[in-house]
Amino acid sequence: MKVDMTVNGTPESHDVAARTLLVDYLRDAVGLTGTNIGCDTTSCGACTVLLNGESVKSCTVLAAQAAGDDITTIEGMAHEDGTLHPVQAAFQECHGLQCGYCTPGMVMAITSLLKENPEPTEEDVRVGLEGNLCRCTGYHNIVASALVASRSPEMHR
Amino acid sequence: MHGGIAQGVAQALMEEVVYDLDGNPLTSTFADYSFISATELPSFETRFTETPTPINALGAKGIGESGTIGSAPALHNAVCDAVAHLGVRHVDMPTTPIRVWNAINEAAPGNDAGKKGR
Amino acid sequence: MIPASFDYVRAGSVDEAIGLLSEHGEDAKLLAGGHSLLPLMKLRLAQPAMLIDIGRLRELSYVKEEKEYVAVGALTRHHDIAQSPVALASAPVLAHVAGQIGDPQVRHRGTIGGSISHGDPASDLPAVLLALGGTLVVQGPNGRREIDAKDFFLSFFEVALTPEEVLVEVRVPRSSGQWGFEKLTKRAQDWAIVGAVAVKTSDGVGVGLINMGPVPLRASAVEAAVTSGAKAIDAAQLAGEGTDPAADFNGSVAYRQHVAKVLVRRALEKVGV
Ligand SMILES: Cc1cc2nc3c(=O)[nH]c(=O)nc-3n(C[C@H](O)[C@H](O)[C@H](O)COP(=O)(O)OP(=O)(O)OC[C@H]3O[C@@H](n4cnc5c(N)ncnc54)[C@H](O)[C@@H]3O)c2cc1C
Ligand code: FES
Ligand code: FES
């Protein structure tokens, strides 16, 4: 079936099987492999993207369900001139990643969290990241990144 | 270090590979295997002591694992200490809620309700 | 992992969904948020031949205040219930519990209608509905009918919907009063090992249990004890009555019954019993 959606501001239209998951549509049909698959049981959050601005696990959404929607992936976060999005910049500043596998999902989950709660406490961030797993960092620097990003003037515009 | 600490905490409290009596794995996905998340963990304070090793030219050694080596026994001992006044001398790792409850029941004289549990 | 093949149709209205269900019978399944159905399909625990996507029926996404009750559209997502000013004011326990389901990503997709129609005894919202004494409005080829929450959950993953029916609205009595919700999990994102909810209602205190049997349960013995004046600590001793929890590596039957007593006591204390 034909599935159309907007990905990072660009209209996309691809012929895929009905059972195609959004994450596979993004990775295989659109060719954006920044979104990772870490578990396939909706547990790890590595596949998190923004659907109409809200975090969702793209391994548990059919591409067909997202037809007509606006999707943002990690590739759509930085500005056109290459300047990093404040959440990405905070990860760089705070050393919020090690192997980087969880990072695209973490960045998207935190972006959604900060939109809903622009001034979170450390506890708000820890609870808000309950659906995103990271094996490497112990989360300390990821939580710090989220708090630093929340103080970026760009996030409050 | 942070990741090591987190993994040690997780090993002490929840992460474990479980099989049924026929040998089928029961924890084959992250839905069943309790991979620890940010919500269960605190932030960490780290302090450094420098003791260069004499056996290589740089004086350096990897330290990532040392977080795991310290945090697992620290957490496990804390759990055992918390229930020591109930007569508990030992709880198998990881100290999941059911294991702690069983250990408390086994230690309580005349109460074997928990012995049937895993 | 991807699901087995199926045909996909998006329903433009409830009537169209009912028409498609009537036409395709047991082979077809409704798809709301997909956060219970798609995980099962990926594991091949469900293999419907057709999915009828009702996720876009915006007209079924609302939280409204009526005279006697709060009406929640079946397609309202957990996130929207948790944030709804109407729910927060007039059904605060529902808003709180919706905000505790899974994780933020799950709450951005999962719907109350899906949670209730799925009939999973480990789900949180059915127990709230039972404790509050809610009503379900379902629509089929012959129009609408109402089902009492206590008559809705028939057996393991089986509810009182016929194959052509769509759950359209969930109604709960208004309750700005006290409530307590307790769930034991190993990790924040996990389903409840055991959960309990207590709410003050117009006819006393309602108590619901999560994951304590093949269906979501109402702790009737506890409720009766509270009505006859028992204190929380004594009433909670009856929390295991009528339960039939499963045993797994997270808990034996005896452990779950023990935890139910502890959680029911805590929930009752929060409603001032
Ligand atoms: C990682 C994860 C963690 C979760 N944790 C929890 C938790 O802690 N507590 C909890 O309660 N839930 C939890 N859930 C389940 C979540 O709440 C689901 O969203 C919910 O159970 C189903 O809602 P849905 O809209 O996604 O339904 P779907 O998956 O779309 O549908 C579920 C079933 O209901 C049927 N159905 C859906 N809508 C209707 C309707 N209007 N009328 C008739 N039939 C309908 C479908 O045909 C299907 O059989 C979790 C899910 C995931 C993936
Ligand atoms: S791959 Fe989607 S949650 Fe893990
Ligand atoms: S940085 Fe490796 S999993 Fe998070």
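The following refers to the structure shown.

Parameters at a glance
- Residues numbered from 1 in each chain as written.
- Chains lettered and ligands numbered in written order.
- Predicted model: local features only at pLDDT ≥ 70, side-chain atom pairs only at ≥ 80, totals over all residues.
- Heavy atoms only, no water.
- Helix = DSSP H or I, 4+ residues; strand = E, 2+ residues; numbered from the N terminus.
- Rg over C-alpha atoms; globule rule 2.2 N^0.38 Å.
- Buried < 20%, exposed > 50% of the residue type's maximum accessible area, 1.4 Å probe, protein only.
- Contact = heavy atoms within 4.5 Å.
- Pairing = 2+ DSSP bridges.
- Axes fitted to C-alpha atoms, helices over the stretch in contact; angles between N-to-C directions.
- Near = heavy atom within 4 Å.
- Polar contact = N/O pair within 3.5 Å; in protein donor to acceptor, adjacent residues only side chain to side chain.
- Areas by Shrake-Rupley, 256 points an atom, 1.4 Å probe, with all protein chains shown as cover.
- Parallel < 35°, antiparallel > 145°, perpendicular 65-115°, else oblique.
- Left-handed = near helix turned anticlockwise from the far one by under 90°.
- Phe/Tyr/Trp six-rings, centres within 6.5 Å; stacked < 30°, edge-to-face > 60°.
- Lys NZ or Arg CZ within 6 Å of the ring centre and 35° of its normal.
- Salt bridge = Lys/Arg side-chain N within 4 Å of Asp/Glu carboxyl O.
- Nonpolar A, V, L, I, M, F, W, Y, C, P; charged D, E, K, R; others polar.
- Buried area = accessible area lost by both parts, 1.4 Å probe.
- Arc of directions from axis to C-beta.

## Here's the deal with the overall build of chain C
A tally of regular secondary structure across chain C gives eleven helices and 14 strands. Taking 2.2 N^0.38 as the reference for a compact globule, 273 residues should give roughly 19 Å; the C-alpha atoms of chain C span a radius of gyration of 18 Å, in line with that estimate. The principal-axis extents of the C-alpha atoms in chain C amount to approximately 55 × 45 × 30 Å. Looking at chain C residue by residue over its 273 residues, the buried ones come to 59%. Long-range contacts, defined as pairs at least 24 residues apart, comprise 62% of the intrachain contacts of chain C with a sequence gap of at least 6.

## Points about the sheet that holds strand S2 (residues 28-31) of chain C
Pairing between sheet strands relies on hydrogen bonds along the backbone, with the strands arranged either parallel or antiparallel. Residue and element names in this part refer to chain C. Pairing within the open sheet is parallel, and its three strands lie in the order S1-S3-S2. Strands at the two margins of the open sheet, each flanked by one partner only, are strand S1 (7-10) and S2. Direction aside, the axes of adjacent strands within the sheet are offset by 25° on average.

## Side note on the site of ligand 1
Among the 31 residues in the neighbourhood of ligand 1, the closest are listed as Leu30, Gly34, His35, Leu37 and Thr111 of chain C. With respect to ligand 1, its neighbouring residues span chains A and C. Leu37 of chain C places a main-chain nitrogen or oxygen 2.7 Å from an oxygen atom of ligand 1. The contact in question runs from a nitrogen atom of ligand 1 to an N or O atom on the side chain of Ser117 of chain C, over 3.3 Å. Isolated, ligand 1 exposes 970 Å² of accessible area, and the fraction of that covered by the protein chains is 96%. Secondary structure elements with two or more residues in the shell around ligand 1: S2, helix H7 (112-118) and strand S10 (166-173) of chain C. In terms of residue count, H7 of chain C provides more of the shell around ligand 1 than any other element does, five residues in total.

## What to know about the packing of helix H2 (residues 86-94) of chain A against helix H3 (residues 103-116) of chain A
All names here are of chain A. The N-to-C vectors of H2 and H3 enclose an angle of 125°; their axes lie 9 Å apart at closest approach. Considering their axes alone, H2 and H3 lie oblique with respect to each other. The element H2 and its partner H3 pack so that their crossing is right-handed. On H3, the residues touching Val87, Gln88 and Phe91 of H2 are Thr103, Met106, Val107, Ile110, Thr111 and Leu114.

## Some details on the packing of aromatic side chains
Here the structure, examined in full by the defined rule, presents four aromatic pairs over all chains. Pairing Phe152 of chain C with Phe153 of chain C gives two aromatic rings, centres 5.3 Å apart and planes at 90°, and the pair type is edge-to-face. Taken individually, Phe152 of chain C and Phe153 of chain C each receive the classification buried, so the pair is uniform in this respect. Ring centres of Phe156 of chain C and Phe157 of chain C lie 4.7 Å apart, and the angle between their planes is 80°; on these two criteria the pair is classed as edge-to-face. Classification of Phe156 of chain C as exposed rests on a relative accessible area of 54%. Lying across the ring of Phe35 of chain B, Arg135 of chain A places its NZ or CZ 4.2 Å from the centre.

## Comments concerning the side chain of Asn36 of chain A
Residues and elements named next belong to chain A. Inspection of the secondary structure assignment puts Asn36 in the loop between helix H1 (22-30) and strand S3 (48-51). On the accessibility criterion, Asn36 (12% relative accessible area) is buried. Leave out the neighbours within four places in its chain, and Asn36 touches Val23, Arg27, Ala46, Cys47, Gly100, Tyr101 and Pro104.

## Some words on the interface of chain C and chain A
Each partner contributes residues to the interface: chain C has 32 residues there, and chain A has 31 residues. Applying the counting rule to chain C against chain A returns five salt bridges. Those elements that provide at least two residues to the side of chain C that touches chain A are S1, helix H2 (37-42), strand S3 (50-53) and helix H6 (104-109) of chain C. Per-element tally for the side of chain C that touches chain A: the top contributor is H6 of chain C, with five residues. When its residues are assigned to classes, the side of chain C that touches chain A shows 13 nonpolar, nine polar and ten charged.

## Side note on the interface of chain C and chain B
Chain C puts eleven residues into the contact, and the matching count from chain B is 19 residues. At the boundary of chain C with chain B, total buried surface from both sides reaches about 1300 Å², with 65% on carbon and sulfur atoms. On the chain C side of the interface with chain B, the three residues burying the most area are Lys186, Arg187 and Phe249 of chain C, jointly 57% of the side's total. Across the contact surface, chain C and chain B share five residue pairs in polar contact (both at pLDDT 80 or more).

## Some thoughts on helix H1 (residues 14-24) of chain C
Side chains three or four residues apart in an α-helix point the same way, a direct result of the helix having 3.6 residues per turn. Residues and elements named next belong to chain C. Every buried residue of H1 is listed here: Val14, Ala17, Ile18, Leu20 and Leu21. Axial view of H1: buried residues confined to an arc of 160°, hence all on one face. Set apart from the buried face of H1 by more than 90 degrees, the exposed residues are Asp15 and Glu23. Considering only its buried residues, H1 is in contact with S1, S2, S3, strand S6 (135-140) and S10. Just downstream of H1 lies Gly25, where phi reads positive at about 60°.

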